[in-house]
Amino acid sequence: MGKPLILLTNDDGYLAPGLLALYETLKSLGEVWVLAPDRNWSAASRTRVFHKPLRVSPVRLPDGVLVHITNGSPSDCVSLAILGLAPRRPDVVVSGINAGANLGRDVTYSGTVAAAMEAAQAGIPALAISQDLGAENGEEKVPDYQRAAQIAASLVEKLLANSPLPSGTLLNVNVPLERPKGVKITRLGTSIWRDYLVKGKDPRGRDYYWLAGEMMNSPPPGEEDTDVWAVFSGYISITPLQLDLTDHRLLKALRVWEMDFSLPAK
Ligand code: MN
């Protein structure tokens, strides 16, 4: 058997330090092929670019690493690679390391997680990995992407050896800012953000709105088994996710609607 092919992408763009850290660490496990967006697509979710042609170009980073970049979204990167641009079908897909945690219900905004979802949809084992940057108003700390990259490598080894992930599932991994106390296998929490609206006037006197948020300083109560709690408490969180968003309890409860639904006359 030849070397496994590891497809690497992100949503922060090809110049992000987290991407390079992953490349340097994962290359000992196989052939790493990089296709990343040419700009930052954070919070792009599963955006697909269908209204204009996609371009892909090889670029050599200053330290000599060859990457491929595109004007497409993170999901487009994975799709392009799987549908024929990668040298062969990837054995595993890694997305990250995102600058900032992707936790709880906010994962549905994430371009980092979306890229891994695209791989899951194609039946390829995938993980998204994000580095928590701590409280926004706290003193600025430089994250150790090397540490998160090593955590990703341990998981990639597991996925390559014997992936427990059925098609349509993926792993969402978050790494705390300080040295991790351990690993927690978690469910998704709610959110670490309290949103608020800022309204102002632009220089032409028109109203503008800024959707802003403030990070909570502790997880909401009752979330001790969640990713939010784990990262707040200094643990690495690993959350298995599935693309099937069906609510199976509601599915049963709503079946009664099939019987007494008033259909339009024609
Ligand atoms: Mn990002």
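Residues numbered from 1 in each chain as written. Predicted model: local features only at pLDDT ≥ 70, side-chain atom pairs only at ≥ 80, totals over all residues. Heavy atoms only, no water.

Peer 1: Even after reading the chapter, I still don't get the coordination of the manganese ion, so can you show me in this structure?
Peer 2: For a metal with four donors in a tetrahedral arrangement, the ideal angle between donors is 109.5 degrees, while six donors in an octahedron ideally sit at 90 or 180 degrees. Distances from the manganese ion to its protein donors, D11 (OD), D12 (OD), S42 (OG) and N98 (OD1), fall within 2.0 to 2.2 Å. The sequence motif formed by the donor residues of the manganese ion is D-D-x29-S-x55-N. With a gap of 56 residues between them, S42 in the loop between strand 2 (31-37) and strand 3 (56-60) and N98 in strand 5 (residues 92-99) connect regions that are remote in the sequence. (Donors = N, O, S within 2.8 Å, 3.2 Å for Na, K, Ca; no water. Helix = DSSP H or I, 4+ residues; strand = E, 2+ residues; numbered from the N terminus.)

Peer 1: Looking at this structure, I do not really get the pairing of strand 10 (residues 207-215). What am I missing?
Peer 2: On a regular strand, each side chain points to the face opposite its neighbour's, so the side chains alternate between the two faces of the sheet. Note that strand 9 (residues 193-201) and strand 10 share nine bridges and pair antiparallel. Among the inter-strand pairings, K199 is bridged to a residue of strand 10, identified as Y209. Hairpin connection from strand 9 to strand 10: five residues lie between these consecutive antiparallel strands, with G205 at a positive phi of about 85 degrees. (Pairing = 2+ DSSP bridges.)

Peer 1: Any chance you could explain the nonpolar core here in plain terms?
Peer 2: Most often, soluble globular proteins keep nonpolar side chains buried together rather than apart. Counting residues in each nonpolar core, the largest one holds 35 residues, and the members touching the most others are L22, V94, L127, I129 and V173. It is helix 4 (residues 145-162) that provides the largest number of residues to this core, a total of nine residues. Aside from chain neighbours lying at most four places away, what touches V94 is I6, L7, L8, T9, L22, L26, L127, I129 and V156. Residues W33, C77, A126 and A128 belong to the second largest nonpolar core, which totals 23 residues. (Core = buried A, V, L, I, M, F, W, Y, C linked by side-chain atoms within 4.5 Å. Buried < 20%, exposed > 50% of the residue type's maximum accessible area, 1.4 Å probe, protein only. Contact = heavy atoms within 4.5 Å.)

Peer 1: Before we go on, may I ask you to explain the environment of K184 in this structure?
Peer 2: Position of K184 relative to the elements: it lies in strand 8 (residues 183-185). C-alpha of K184 to C-alpha of I238: the two residues are 54 residues apart in sequence and 6.3 Å apart in space. Once residues lying within four places of it in the same chain are set aside, the contact partners of K184 are W229, A230, Y235, I236, S237 and I238.

Peer 1: Explanation requested: the pattern of salt bridges in the structure shown.
Peer 2: When charged atoms on two side chains of opposite charge get close, those side chains can pair. Scanning the entire structure with this criterion turns up 11 salt bridges. The shortest N-O distance in the salt bridge between D207 and K201 comes to 2.7 Å. Among the ionic contacts, a cluster of salt bridges with common partners joins R46, R48, D76 and E118. (Salt bridge = Lys/Arg side-chain N within 4 Å of Asp/Glu carboxyl O.)

Peer 1: Sorry if this is basic, but what is going on with the side chain of T9 here?
Peer 2: Within the fold, T9 resides in strand 1 (residues 5-9). In terms of polar contacts, T9 uses its side chain to reach the backbone carbonyl oxygen of L35, at 2.7 Å. The residues touching T9, leaving out its near neighbours within four places in the chain, are L19, L35, A36, P37, C77, V78, V94, S95, G96 and A115. (Polar contact = N/O pair within 3.5 Å; in protein donor to acceptor, adjacent residues only side chain to side chain.)

Peer 1: How should I be thinking about the pairing of strand 11 (residues 236-242) in this particular structure?
Peer 2: The buried count for strand 11 comes to five of seven residues, which makes it a mostly enclosed element. The pairing of strand 7 (residues 169-175) with strand 11 spans six bridges and is antiparallel. Within strand 11, the residue paired with L170 across the bridge is L241. Where strand 8 meets strand 11, three bridges bridge the pair, whose relative direction is parallel. From the neighbouring strand, I185 faces strand 11, where its bridge partner is I238.

Peer 1: Just checking my understanding: could you explain the packing of aromatic side chains for this structure?
Peer 2: Centre-to-centre distance and the angle between the planes together describe a pair of aromatic rings. This structure, assessed with the given rule, holds one aromatic pair. Judged by centre distance (6.1 Å) and plane angle (15 degrees), the ring pair of W229 and Y235 falls under stacked. The positively charged end of R39 is found above the aromatic ring belonging to W41, 4.2 Å away from the centroid. The cationic tip of K184 hangs over the ring face of Y235; the distance from NZ or CZ to the ring centre is 4.7 Å. (Phe/Tyr/Trp six-rings, centres within 6.5 Å; stacked < 30°, edge-to-face > 60°. Lys NZ or Arg CZ within 6 Å of the ring centre and 35° of its normal.)

Peer 1: Please clarify how the packing of helix 1 (residues 17-26) against helix 4 should be interpreted in this entry.
Peer 2: Helix-helix packing is described using two parameters, namely the angle between the two axes and the distance between the axes. Viewed as axis vectors pointing N to C, helix 1 and helix 4 meet at an angle of 50 degrees, and their least axial separation amounts to 9 Å. When the interaxial angle is binned, helix 1 and helix 4 end up oblique. In the packing of helix 1 onto helix 4, the handedness of the crossing is right-handed. Side by side, helix 1 and helix 4 meet where P17, G18, A21, L22, T25 and L26 of the first sit next to Y145, Q146, A149, Q150, A152, A153 and V156 of the second. Of the residues contributing to the contact of helix 1 with helix 4, the split by class is nine nonpolar, four polar and no charged. (Axes fitted to C-alpha atoms, helices over the stretch in contact; angles between N-to-C directions. Parallel < 35°, antiparallel > 145°, perpendicular 65-115°, else oblique. Left-handed = near helix turned anticlockwise from the far one by under 90°. Nonpolar A, V, L, I, M, F, W, Y, C, P; charged D, E, K, R; others polar.)

Peer 1: For this particular structure, what's the right way to read the sheet that holds strand 4 (residues 66-70)?
Peer 2: In a beta sheet, neighbouring strands are held together by backbone hydrogen bonds and run either parallel or antiparallel to one another. Overall, mixed pairing links the nine strands, which are arranged 3-4-2-1-5-6-7-11-8 in an open sheet. The sheet is open, and its two borders are formed by strand 3 and strand 8, each paired with just one other strand. Going across the sheet, the axis of each strand differs from the next one's by a mean of 25 degrees, ignoring polarity. Here strand 1 pairs with strand 2 via four bridges, running parallel. Bridging across to strand 2, I6 finds its partner in V32. Helix 1 rests against strand 1, strand 2, strand 5 and strand 6 (126-131) of the sheet, and its axis sits at about 140 degrees to strand 5.

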